[in-house]
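# Understanding the architecture of this molecule
The chain contents come next:
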Amino acid sequence: IDDIVNKAIEFNMPAVAVTDHGNMFGAIEFYEKAVKKGIKPIIGCEMYISKSDMKLKNVNEKFYNHLILLAKNDTGYKNLSKLVSMSYIDGFYYKPRIDKNVLKEHAEGLIAMSACIKGEIPYEIVKGRLDAAEETLKFYLDVFKDDFYLEMQVQGIEEQLIANNGLIELSKKYGIPLVATNDCHYLLKEDYEAHDVLLCIQTGKTVEDKDRLKFSTKDLYFRSQEEMKEIFRQYSFGCR
């Protein structure tokens, strides 16, 4: 957390967010350290969304789509905390999960983004199911109104480019803002190998194992605003 805050200062960023997978365990420490150094902390979580009732343990459902939630005020923070708690107490099955009904009940004060290529909307686009992506978008617009954003990423993954093209079309059709983000799992580009080793330790594998969890890109590091602008310059709408 100290490194994240210091890197934000180095990059002259006024704010920085933490959106860990399925938890907010570092939120308080992150908030206190960011505020102390004059950086605005944005508290969030990358939630796992179950297609069925979160209380049901469906053996055929072990893949869960992602959704980024950010607290924009005190109400949002309380709702986010509630959702994360429920995902563990009521919804845990392989992952801490929520469902769309629970999300709808606790959406006040939250900003939502469509997430990485494991988010439901980009996932459906990549699979060629554009009608399903559009129906999902309509649900999230109904829940979050103007607080829903379509999220684009460029990190050397072919599926991201497919998803981005579909997201741009949806943005034009529905007038939804696009957000350029960078999936960040480690601080520096050269941290890739250390992160890969940590994944092996976590999953009980070795780096020589072929059948193991391994990221297909080495670009999951904390990028500067200048680097992000350069990466997204390929899109005709430009970058701000």
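Remember, predicted model here, so these are calculated numbers, not experimental data.

## Re the overall build of the chain
Scanning the chain from N- to C-terminus turns up nine helices and seven strands. Whereas a compact globule of 240 residues would reach a radius of gyration of roughly 18 Å, the chain reaches 18 Å, a difference of no more than 12%. Each of the 240 residues in the chain was classed as buried or not, and the buried ones make up 46%. For the chain, contacts bridging at least 24 residues in sequence account for 72% of all contacts bridging at least 6. With an accessible surface of roughly 13,400 Å², the chain has 52% of that area assigned to carbon and sulfur atoms. If the 33 positive side-chain charges of the chain are averaged to one point and the 38 negative ones to another, these points end up 2 Å apart.

## Some words on the packing of aromatic side chains
Taken as a whole and assessed by the stated rule, the structure comprises nine aromatic pairs. Taken together, a centroid distance of 5.4 Å and an interplanar angle of 5° make the contact between Y140 and F148 stacked. Judged by relative accessible area, which is 3%, Y140 ranks as buried. Grouped by ring-pair contacts, the aromatic residues F139, Y140, F144 and F148 constitute a single cluster. Directly above the aromatic system of F139 lies the positively charged group of K100, at a separation of 5.1 Å from the ring centroid.

## As for the nonpolar core
Counting residues in each nonpolar core, the largest one holds 50 residues, and the members touching the most others are M47, L69, L80, I121, F144 and F148. Residues L70, I111, M113 and A115 belong to the second largest nonpolar core, which totals five residues.

Reading guide: rules and limits
Residues numbered from 1 in each chain as written. Predicted model: local features only at pLDDT ≥ 70, side-chain atom pairs only at ≥ 80, totals over all residues. Heavy atoms only, no water. Helix = DSSP H or I, 4+ residues; strand = E, 2+ residues; numbered from the N terminus. Rg over C-alpha atoms; globule rule 2.2 N^0.38 Å. Buried < 20%, exposed > 50% of the residue type's maximum accessible area, 1.4 Å probe, protein only. Contact = heavy atoms within 4.5 Å. Areas by Shrake-Rupley, 256 points an atom, 1.4 Å probe, with all protein chains shown as cover. Lys, Arg positive; Asp, Glu negative; His and termini not counted. Charge placed at Lys NZ, Arg CZ, Asp CG, Glu CD. Phe/Tyr/Trp six-rings, centres within 6.5 Å; stacked < 30°, edge-to-face > 60°. Lys NZ or Arg CZ within 6 Å of the ring centre and 35° of its normal. Core = buried A, V, L, I, M, F, W, Y, C linked by side-chain atoms within 4.5 Å.

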